[in-house]
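# Examination of the molecular architecture
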Amino acid sequence: MSWTDERVETLKKMWGEGQSASQIAKELGGVTRNAVIGKVHRLGLSNRAGSGGSAAKAAPKEKPAAAAKPAAKPAPKPKAAPSVPAVKEELELDENGIPISAARRAIIPAGQPLPPQPSANEISPEALAKVSEIEKTAKRISLMELTEKTCKWPVGDPATDDFWFCGLGVQQGKPYCEAHVGVAFQPMSSRRDRRR
């Protein structure tokens with residue numbers, strides 16, 4: 001099933017009229033309730049009471065004028081709705097109108113500079129010397145050769161042919177060998193000192 005323009009318009013219209021996702025799925029046919037909900041969120045129509053799609057905004061204005069009896073039912077919605085639009089307004093939206101979470105914001109797009117990494121002078125000289133010695137005896141394995149028992153420390157530039165993983169035996173409960181654990185997992189106190 002594909003979302004044609006006609007099906008999307010039907011979904012928008014029915015959603016704006018207050019139809020449930022199950023009702024919309026039944027009307028469209030060949031689509032599940034969850035697929036309808038997903039499409040509603042991707043279209044940014046999920047908030048019927050507030051800043052949803054244009055159909056959602058027009059429907060509430062027409063209903064109160066048409067009938068006075070349903071006034072008791074919409075009353076609970078405005079109580080819950082004020083907090084939702086306030087949160088929606090604070091969130092940054094991507095090009096599809098989907099809110100960008102903190103986790104998505106932390107992802108660095110390709111081609112962008114990485115945040116500052118710990119420099120070599122922040123790592124103890126003993127740990128660096130140990131890493132240099134270990135890398136001379138490393139197994140130099142490829143990505144496909146990695147297992148849960150091999151050190152996964154990457155060495156070199158992944159864009160070149162001279163890229164490899166350490167491959168030595170890992171320290172219990174860690175993804176790296178003893179030498180690379182000494183570089184990767186620093187005590188909390190030294191990390192705290194760096195921030196000052």
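Conventions we followed
- Residues numbered from 1 in each chain as written.
- Predicted model: local features only at pLDDT ≥ 70, side-chain atom pairs only at ≥ 80, totals over all residues.
- Heavy atoms only, no water.
- Salt bridge = Lys/Arg side-chain N within 4 Å of Asp/Glu carboxyl O.
- Helix = DSSP H or I, 4+ residues; strand = E, 2+ residues; numbered from the N terminus.
- Buried < 20%, exposed > 50% of the residue type's maximum accessible area, 1.4 Å probe, protein only.
- Axes fitted to C-alpha atoms, helices over the stretch in contact; angles between N-to-C directions.
- Parallel < 35°, antiparallel > 145°, perpendicular 65-115°, else oblique.
- Contact = heavy atoms within 4.5 Å.
- Nonpolar A, V, L, I, M, F, W, Y, C, P; charged D, E, K, R; others polar.
- Phe/Tyr/Trp six-rings, centres within 6.5 Å; stacked < 30°, edge-to-face > 60°.
- pLDDT = per-residue confidence, 0-100.

Counted by the stated rule, this structure contains four salt bridges. The residue Glu 178 makes a salt bridge to Lys 130 at a minimum N-O spacing of 3.0 Å. Note that Glu 178 is positioned in helix H9 (residues 178–184) and Lys 130 in helix H8 (residues 125–137), a separation of 48 residues in sequence. You can call Lys 130 partly exposed: its relative accessible area is 39%. Glu 133 serves as the salt-bridge partner of Lys 136, at 3.5 Å between the closest nitrogen and oxygen. Residue Lys 136 and its partner Glu 133 are both found in helix H8; the two are separated by three residues, about one turn of the helix.

A few words on the packing of helix H1 (residues 5–16) against helix H3 (residues 33–43). Relative orientation of the contacting elements H1 and H3 amounts to 90°, with a least axis distance of 11 Å. By the angle between their axes, H1 is roughly perpendicular relative to H3. On H3, the residues that touch Val 8, Leu 11, Lys 12 and Trp 15 of H1 are Val 36, Lys 39, Val 40 and Leu 43. Among the residues forming the contact of H1 with H3, the class breakdown is six nonpolar, no polar and two charged.

Two aromatic rings, taken as a pair, are described by how far apart their centres are and by the angle between their planes. In this structure the tally under the stated criterion is two aromatic pairs. Ring centres 5.1 Å apart and planes at 75° place the aromatic pair Trp 153 and Tyr 176 in the edge-to-face group. Here Trp 153 is found in the loop between H8 and strand E1 (154–155), whereas its partner Tyr 176 is found in the loop between strand E2 (164–165) and H9, with 23 residues between them in sequence. Tyr 176 sits in the buried class, given a relative accessible area of 19%.

Once that is clear, we can look at the confidence of the model for the protein. Considering every residue of the protein, the mean pLDDT works out to 74; 60% of them sit at 70 or more. Per-residue pLDDT stays below 50 along residues 50–68; that stretch engages in 17 contacts with residues further than four places along the chain or on separate chains. In this model, residues 80–89 is a region of pLDDT below 50 whose contacts with residues beyond four sequence positions or in other chains number seven contacts.

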